[in-house]
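# Descriptive analysis of the structure
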Amino acid sequence: MKITRSIYTFAFLGAVLGLASCGASGEDPGYEYAPQMYNSIAYEPLSQIVNEDEGAWLSTREDGKGEFFNSNINNPNRMNMREPVANTVPRSKDGSLPYRLKQFELEAAALNENPVTLTPQVLAEGKVLYTQYCSACHGQGGEGDGKAGEVIGGVANLKGGAYINLPEGHIFHVVMKGKGRMGAHGSQIPQERIWKIVHYVKQEIQKQ
Ligand code: HEC
């Protein structure tokens, strides 16, 4: 009996102390379990720790600072990310500028020329991309007979009379922004790849 009771007492005390020791209140942030898991030691844009003593109690750093101090002293405002130069225009990885035409500006878009030089390599890539992104609806041959197209219905036959003379900029715009029953693909396919698909559509599917 006595032993059981003391076991219970110890367990109870242990639990109370255990819970109390985690407590954080007021200025005291409490102890964190395995803090390296959420405080990055490497520079990070979003966890800027400017207090040089933060994490001093477990620091192994050679510069003597707290383990979690990681603000970048070499940059203004101790930022890790620098503000871009004023009026900077972002470019995508392939070097293209943002595509600013709105969905209804199809006529202006039709004047755009394909910036990707046509090579056998580009054509081969265009074919792969067309198969991935377009054939489900438009069919491998472009006749609007893809499996998903059967369900959606009304898919354009890219070999058909109304479409065969579409300018390249027009096709690019439709893929980028969508048209009618076809959704926009601009967020899925980088611009350079869309232009490769356009080459494939023009050179192979709509070959005259
Ligand atoms: C989810 C099915 C679907 C996918 C995927 C799809 N399309 Fe379409 N596409 C359509 C439908 C439906 C239309 C008919 C749009 C309308 O006029 O309502 C269409 C129309 C078109 C047109 C004719 C535009 C016009 O001016 O009338 C072109 C060109 C075209 N698609 C190219 C492509 C290319 C290239 C791809 C691959 C990047 C692609 N589509 C992917 C369903 C699809």
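Residues numbered from 1 in each chain as written. Predicted model: local features only at pLDDT ≥ 70, side-chain atom pairs only at ≥ 80, totals over all residues.

## Examining the overall build of the protein
Keep this limit in mind: Helix and strand definitions follow DSSP, with helices as H or I runs of at least four residues and strands as E runs of at least two, each counted in order from the N terminus. Taken over C-alpha atoms, the radius of gyration is set against a globule rule of 2.2 Å times the number of residues to the power 0.38. Labels follow a simple rule on C-beta atoms placed from the backbone: if 20 or more others lie within 10 Å of a residue's own, it is buried; if 12 or fewer, it is exposed; otherwise it is partly exposed. Contact definition: two residues whose C-beta atoms, as placed from backbone geometry, lie within 7 Å.
Secondary structure assignment for the protein yields seven helices and zero strands. Along the protein, helices (α) and strands (β) appear in the sequence α-α-α-α-α-α-α when read from the amino end. Over its C-alpha trace the protein gives a radius of gyration of 31 Å, far above what one expects of a compact globule, namely 17 Å for 208 residues. For the protein, the spread of C-alpha atoms along the principal axes amounts to about 95 × 55 × 35 Å. Counting over 208 residues, the protein shows a buried share of 17%. Restricting the contact set of the protein to residue pairs at least 6 apart, pairs at least 24 apart contribute 51%.

## Side note on unusual backbone geometry
Unusually for a residue other than glycine, N87 sits at a positive phi of about 65°. Residue class for N87 comes out exposed when judged on the 5 C-beta atoms lying within 10 Å of it.

## Considerations on the packing of helix 3 (residues 120-133) against helix 7 (residues 191-205)
Convention followed: In this analysis, axes come from line fits to C-alpha atoms, helices being fitted only over the stretch in contact, and the angle between any two N-to-C directions falls in the range 0 to 180 degrees. Here is the rule for angles: anything less than 35 degrees is roughly parallel, anything more than 145 is roughly antiparallel, 65 through 115 is roughly perpendicular, and the remaining ranges are oblique.
Put simply, helix 3 and helix 7 touch, their axes get as near as 7 Å, and they point 100° apart. The orientation of helix 3 with respect to helix 7, classified from their angle, is roughly perpendicular. From helix 3, V122, L123, E125, G126, K127, L129, Y130 and Y133 reach across to helix 7, where they touch R193, K196, I197, H199, Y200, V201, Q203 and E204.

## Some words on the environment of Q140
Relative to the elements of secondary structure, Q140 occurs in the loop between helix 4 (135-138) and helix 5 (147-152). The partly exposed category is assigned to Q140, around which 14 C-beta atoms lie within 10 Å. Sequence spacing of Q140 and T4 is 136 residues, and the spatial spacing of their C-alpha atoms is 77 Å. Ignoring anything within four residues of it in the chain, the contact list for Q140 reads T131 and S135.

## Overview of the packing of helix 6 (residues 168-177) against helix 7
Rules: Crossing handedness is read from the near helix: turned anticlockwise from the far helix by less than a right angle, it gives a left-handed crossing, and turned clockwise, a right-handed one. Throughout this entry, Asp, Glu, Lys and Arg are counted as charged residues, while Ala, Val, Leu, Ile, Met, Phe, Trp, Tyr, Cys and Pro are counted as nonpolar. The remaining residues, Gly among them, count as polar.
Here helix 6 crosses helix 7 at 125°, and the two axes come no closer than 9 Å. Taken together, the axis directions place helix 6 and helix 7 in an arrangement best described as oblique. The two elements helix 6 and helix 7 cross, and the hand of that crossing is right-handed. In this structure, helix 6 contributes E168, I171, F172, V175 and M176 to the contact, and helix 7 contributes I194, W195, I197, V198, V201 and K202. Per-class residue counts for the contact of helix 6 with helix 7 are nine nonpolar, no polar and two charged.

## Here's the deal with the site of the ligand
As a reminder of what qualifies: Nearness here has a simple definition: the residue's C-beta atom, placed using the backbone, must lie within 6 Å of the molecule or strand.
If you check the shell around the ligand, you find 23 residues, and the closest are C134, C137, A156, G180 and M182. In terms of residue class, the shell around the ligand is built from 17 nonpolar, four polar and two charged.

## Quick look at the environment of A110
Residue placement: A110 occurs in the loop between helix 2 (106-109) and helix 3. For the pair A110 and P167, spaced 57 residues apart in the sequence, the C-alpha separation amounts to 5.8 Å. Not counting chain neighbours up to four residues away, the residues in contact with A110 comprise P167, G169 and H170.

## Here's the deal with the UniProt feature "domain: Cytochrome c" (unreviewed entry) in the protein
For clarity, the cut-off: UniProt positions are given in the numbering used here, feature names are shortened, and annotations may be inferred rather than shown by experiment.
Under the present numbering, the feature "domain: Cytochrome c" (unreviewed entry) in UniProt falls on residues 121-205. For residues 121-205, the helix share is 56%, the strand share is 0%, and the end-to-end C-alpha distance is 17 Å.

## With respect to the nonpolar core
Short version of the rule: As used throughout, a nonpolar core is a set of buried Ala, Val, Leu, Ile, Met, Phe, Trp, Tyr and Cys residues joined through C-beta atoms within 7 Å of each other.
Formed by 19 residues in total, the largest nonpolar core has its most connected members in I171, F172, V175, I194, I197, V198 and V201. At the level of elements, helix 6 and helix 7 are the ones that each hand at least two residues to this core. The greatest single-element share of this core, amounting to seven residues, is contributed by helix 7. When neighbours within four sequence positions are excluded, F172 is seen to be in contact with A109, N112, I194, W195 and V198.

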